[in-house]
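One-letter residues, chain by chain:
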Amino acid sequence: PATNANASPHHTSIMAPLRSFDAFAKPIDGIRERSVTGGFITLLASATAGLLLLSQIIVYLQVQTRHSMHLADSVPSVLFNNASPKKLLGHHIPLRVHVTFPHLHCGALDYAHDGNALSSGKFEHYHKAPFTFTKRKPTNKEYKNAAVSGFGKDSEINQKRNEGCTLVGTLHVPRVGGTISISVSPDAWRRATSLLSFGVDPSSSKDPDPFHGKLPNVTHLIHDVTFGAPFPPGDNPLQNTHHVMDNGSGVALANVAVKLVPTTYKQTFHSAQETYQASVSRHIVQPETLAAQRSTLLPGLLITYDFTPLAVRHVESRENWFVFCSSLVGIVGGVFVTVGLVSGCLVNSAQAVAKKMD
């Protein structure tokens, strides 16, 4: 070409040695030979590369889950909720409660946290609104789910649900072990046992006996009890849990023990979230056992919770993007290079055999 002819001898002498390092030698178009076998091999290589490429994409889209355990961080406890929000941050977790007693009137229902009961006035001292509990009449759906049986049409349910009570609310509790109790109030229990045993009403209230001379039936449905943020991949064992007191009197204590496992949940492209997993064991304590142990606990629901010293880290991730891109380039290039080497060996071997036969 004209450029080479016009090039100076000095320039040519400098560029000539670089040609020996050229790893991408250019074939001349006139020497190239296309064949049916080469086209078949190219299609085979392309199909193989496409399948490997698709499998690599599928592997990349799959989420890889890793679990690890470590000691939970030590958090000093702030005992009182009237501290400043900055002091409470990280020291308390929300405790959400939603429970329905279909046969226990709201006036006969009492609740307490760590022994601070509503009936004694201590509960409201430690738990100020809006982080407190509220008693209300259950809805038709709540009563129907909690009562299980003993009701008819919606009009009958609407009348009978006046005899029940639903407790809802959220508390901010310290990150230390504690108890939540929802039970018959002391006054209602004293009145019911006195009327049943002696036929005497010790209450000065003129309201009729809500239990009609019987002991209160504390059958209940736990719609939801959640500590802190729920763990998304797991199930809440304290959700839609029914405790039916079928011992004839309807009096018993549902004792629920909860172990809370601090869990850090990390999703791809999301920040880490502090959650809690719950391990639950429960049993029904009969009134004879309560009497034999001279327990001061009243019939109802008792939830005892504690935090484990071990924490879990749950991480969901995908393969690194740069590793994924490198794999794609390696797959495409590797397939064509390998097929080219194999086909070259076959062609050379065929030519060598043909020469020997000639």
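My aim in this report is to walk through the structure given alongside it, one point at a time. Treat the numbers as computed from the prediction; the structure is a model and nothing was measured.

About the criteria used
Residues numbered from 1 in each chain as written. Predicted model: local features only at pLDDT ≥ 70, side-chain atom pairs only at ≥ 80, totals over all residues. Heavy atoms only, no water. Salt bridge = Lys/Arg side-chain N within 4 Å of Asp/Glu carboxyl O. Buried < 20%, exposed > 50% of the residue type's maximum accessible area, 1.4 Å probe, protein only. Helix = DSSP H or I, 4+ residues; strand = E, 2+ residues; numbered from the N terminus. Core = buried A, V, L, I, M, F, W, Y, C linked by side-chain atoms within 4.5 Å. Patch = residues over 30% accessible without salt bridge, like charges linked within 9 Å, V, L, I, M, F, W, Y side chains within 5 Å. Areas by Shrake-Rupley, 256 points an atom, 1.4 Å probe, with all protein chains shown as cover. Pairing = 2+ DSSP bridges. Axes fitted to C-alpha atoms, helices over the stretch in contact; angles between N-to-C directions. Polar contact = N/O pair within 3.5 Å; in protein donor to acceptor, adjacent residues only side chain to side chain. Contact = heavy atoms within 4.5 Å. Disulfide = S-S within 2.5 Å.

1. Comments concerning the pattern of salt bridges
At step 1: Applying the stated criterion across every chain, the model contains three salt bridges.
At step 2: Here E142 ties to R136 by a salt bridge, and the two come within 2.8 Å at their closest N and O atoms.
At step 3: The exposure class assigned to E142 is buried, which follows from its relative accessible area of 8%.
At step 4: Among the ionic pairs, D306 bridges to K259, the shortest N-O distance being 3.7 Å. Placement of the pair is D306 in strand β12 (residues 300–307) and K259 in strand β10 (residues 253–266), with a sequence separation of 47 residues.
At step 5: Residue class for D306 comes out partly exposed when judged on its relative accessible area of 32%.

2. Comments concerning the nonpolar core
At step 1: One finds I182, F227 and L301 to be the most contacted residues of the largest nonpolar core, which totals 36 residues.
At step 2: Mapped onto this core, the elements with two or more residues apiece are β2 (92–101), β3 (109–113), β6 (165–174), β7 (178–184), β8 (220–227), β10 and β12.
At step 3: Ranked by residues supplied to this core, first place goes to β2 with five residues.

3. Focus: a nonpolar patch on the surface
At step 1: Together, M69, L71 and L310 make up an exposed nonpolar region whose accessible area comes to about 340 Å².
At step 2: Within the element layout of this structure, L71 appears in strand β1 (residues 64–71).
At step 3: With relative accessibility at 64%, the residue L71 sits in the exposed group.

4. Notes on the sheet that holds strand β9 (residues 239–243)
At step 1: Spatial ordering of the open sheet is given by β5-β6-β2-β8-β9, a layout of five strands whose pairing is antiparallel. Each edge of the open sheet is held by one strand with a lone partner, namely β5 (133–136) and β9. Between one strand axis and the next, the sheet turns by 15° as a mean value, whatever way the strands run.
At step 2: Across ten bridges, β2 lies against β6 in antiparallel orientation. Paired with R96 across the strands is T170, a residue of β6.

5. Observations concerning unusual backbone geometry
At step 1: Cis geometry is found at the peptide bond from A129 to P130, where omega equals 10°.
At step 2: Within the fold, P130 resides in the loop between α5 (122–126) and β5.
At step 3: Although it is not a glycine, N240 sits at a positive phi angle of roughly 55°.
At step 4: Classification of N240 by relative accessible area gives exposed; the value is 59%.
At step 5: In this structure, R294 takes a positive phi of about 50° despite not being glycine.
At step 6: If you trace the backbone, R294 turns up in the loop between α9 (287–292) and β12.
At step 7: Exposure remark for R294: the relative accessible area of 75% places this residue in the exposed category.

6. Focus on the side chain of T263
At step 1: Structurally, T263 can be placed in strand β10.
At step 2: Looking at T263, its side chain comes within polar contact range of the side chain of Q277, at 3.0 Å.
At step 3: Filtering out sequence-adjacent residues up to four positions away, T263 remains in contact with F231, Q273, E274, T275, Q277, V312 and H314.

7. Quick notes on the state of the cysteines
At step 1: As enumerated under the stated definition, the model contains one disulfide in all.
At step 2: A sulfur-sulfur distance of 2.2 Å marks the disulfide that ties C106 to C165. A torsion of 100° about the S-S bond marks the disulfide between C106 and C165 as right-handed. Of this pair, C106 sits in the loop between β2 and β3 while C165 sits in strand β6, placing them 59 residues apart in sequence.
At step 3: Residue classification places C106 among the buried residues on the basis of a relative accessible area of 16%.

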